[in-house]
Structures are given as structure tokens and as C-alpha cells.
Amino acid sequence: MILVKRNEDKVRSDWQTLLSPSGERVFARAKNEIETNTTMIDVAVNEAWEIKQLGNFDEALRFLNIGSEIIERFTPNLLSLLSIMTKFSRMVSALAPVQPLFPADFHLAELTNLAYLNMLLSQVAISTKQRFRLKLYTIGKGISITSHYLITRIKNVVTHRSPEEREWIEIAKIGQDFSKLSEESVRSFRALLEALSNEAARDLARELYVSSDTKSLPPGR
């Protein structure tokens, strides 16, 4: 374990953030999809709150419904991406040092507990690859939990036409948790692509169906 720690310290000092051409293209497309959907969720939830404050309750409920639909559609795609990332992480020889999730970044108690567990297990894991896969697993569990909470609470508010301010604020805070997990997904995806060869990045692109013109990419790094 001491030798592994020394090697990881060296990786930390020597690591250069450089993506292959294939990796850069795959990252840009995946990042755009994640950030676009996350932004739409944020806008829907926040606009719903602001419109409610202005007194247009029916329109506020409509925005909440839109947010719920986006979450329901986007969550399986994000979980699928994390699963594929876990698969491809086994193909790399070295990864940049992995930062665990921080409990203070989350509102939901379940996510706070998950983050504490992630920090604890990260100290036990021997290699950076193990820490990376552990983080992906934790992000995936967090996204599943947060998505379920958001959809359930939004549907409850809409169905009962609840004006209770506490419920609306809670939805907004859980939405922030979802955004944080999405950001961590993007960071993890970039870390993986930095470690993949150009050929592996092409394979990843094909599996994600985000690159239809990989043949035009230049070979090698």
C-alpha cells in the first residue's frame, strides 16, 4: 500500500490534462448532453418556484411537470453512461487521482451518508482505479435516489396541488443535489477519457452512439 501511495503521488505531480482527439470529441458531446438536461431541470424547477411566488399556480405546476418528465427521461441515459464508464475504466493502466464526494455538498440525508461512505471506502481502496469505480458506483446510487425523490415529490405536489412552501423548497434543494451529481459525472468522464488511448476512446464513442464519424479521426494520440 505504501508503494502504491508513492506511485499515486508521482502520478498526481506528473499528470497532464491532455485528451486524445477522439476523447475530446466524445467528451464534448457527452458533456453537452449532461449539462443541457441538467440545466433544463434546474430551469424548470426554479421557474416553477418563481412563478408560484408571482401567483400563477397552474403555470408553476406545469413547469414542475416539465422538470419531472426531463428527469424521468434523462436518468436512465446518465446511469447507462456511468455503467459504460465503469466498464472502460478496467482498460486503463493509470488514472489521475480521484477526489471522493463531499458530504457537505448534498442536502438529502441519504446522499450525505453515501458521500461519507465513499470517503471512508476511498481510504481503504488500494488503487486509483478502485477509487474511481467506487466513485462511479456512488454517483450512480446517488442519481437513482435523487431522481426517485424528485419525481415522487413533484408528482405528489402536482397531484394534490399542494401550495405548501416547504415542499417546493425541498424540491429545489433536491434539484441542486441532482445537479451536483451530474457535475461529478462530467468530471469523472473527463478523467476516464484522459486515461484512454485514442483507439479506446473510439470504442467508447461507438458504444455510446455519440460518434458517427470516428473513421475520420486521426489515429494515435
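Just above sits the structure.
Values in this document were obtained by computation on a predicted structure and should not be read as measured data.

Side note on the packing of aromatic side chains
Aromatic ring pairs: the centre-centre distance and the angle between the two ring planes describe each pair.
And then number 1: Applying the stated rule across the entire model yields three aromatic pairs.
And then number 2: For the ring pair Phe57 and Trp168, a centre distance of 5.9 Å and an interplane angle of 50° mean the geometry is tilted. Here Trp168 lies in helix α6 (residues 165–195) and Phe57 lies in helix α3 (residues 57–89), a separation of 111 residues in the sequence. Residue Phe57 shares its accessibility class with Trp168, and that shared class is buried.
And then number 3: Lying over the aromatic face of Trp168, Lys52 brings its terminal NZ or CZ to 5.5 Å of the ring centre.

Side note on the pattern of salt bridges
And then number 1: Enumeration according to the criterion identifies 12 salt bridges in this entry.
And then number 2: Arg187 serves as the salt-bridge partner of Glu184, at 3.2 Å between the closest nitrogen and oxygen. Here Glu184 and its partner Arg187 are both found in helix α6, three residues apart, which amounts to about one turn of the helix.
And then number 3: Note on Glu184: relative accessible area 7%, which makes it buried.

Re the nonpolar core
And then number 1: Counting 57 residues, the largest nonpolar core has Leu64, Met85, Trp168, Phe189, Leu193, Leu196 and Leu204 as its most contacted members.
And then number 2: For this core, the secondary structure elements donating two or more residues are α2 (21–54), α3, α4 (109–124), α5 (128–160), α6 and α7 (198–208).
And then number 3: Looking at this core element by element, the count peaks at 14 residues for α3.

Things to note about the side chain of Lys180
And then number 1: Inspection of the secondary structure assignment puts Lys180 in helix α6.
And then number 2: Sequence-distant contacts of Lys180, defined by excluding residues within four places in its chain, comprise Asp105, Phe106 and Arg187.

Details of the packing of α3 against α5
And then number 1: Running from N to C, α3 and α5 cross one another at 165°; their axes reach a closest spacing of 9 Å. Between α3 and α5, the angle is such that the two are roughly antiparallel. In the packing of α3 onto α5, the handedness of the crossing is left-handed.

A word on α4
And then number 1: Its 16 residues place the ends of α4 23 Å apart at the C-alpha level, agreeing with the 22 Å of an ideal helix rising 1.5 Å per residue.
And then number 2: Buried residues belonging to α4 abut α5 and α6.

Basis of the calculations
- Residues numbered from 1 in each chain as written.
- Predicted model: local features only at pLDDT ≥ 70, side-chain atom pairs only at ≥ 80, totals over all residues.
- Heavy atoms only, no water.
- Phe/Tyr/Trp six-rings, centres within 6.5 Å; stacked < 30°, edge-to-face > 60°.
- Helix = DSSP H or I, 4+ residues; strand = E, 2+ residues; numbered from the N terminus.
- Buried < 20%, exposed > 50% of the residue type's maximum accessible area, 1.4 Å probe, protein only.
- Lys NZ or Arg CZ within 6 Å of the ring centre and 35° of its normal.
- Salt bridge = Lys/Arg side-chain N within 4 Å of Asp/Glu carboxyl O.
- Core = buried A, V, L, I, M, F, W, Y, C linked by side-chain atoms within 4.5 Å.
- Contact = heavy atoms within 4.5 Å.
- Axes fitted to C-alpha atoms, helices over the stretch in contact; angles between N-to-C directions.
- Parallel < 35°, antiparallel > 145°, perpendicular 65-115°, else oblique.
- Left-handed = near helix turned anticlockwise from the far one by under 90°.
- Expected span 1.5 Å × (residues − 1).

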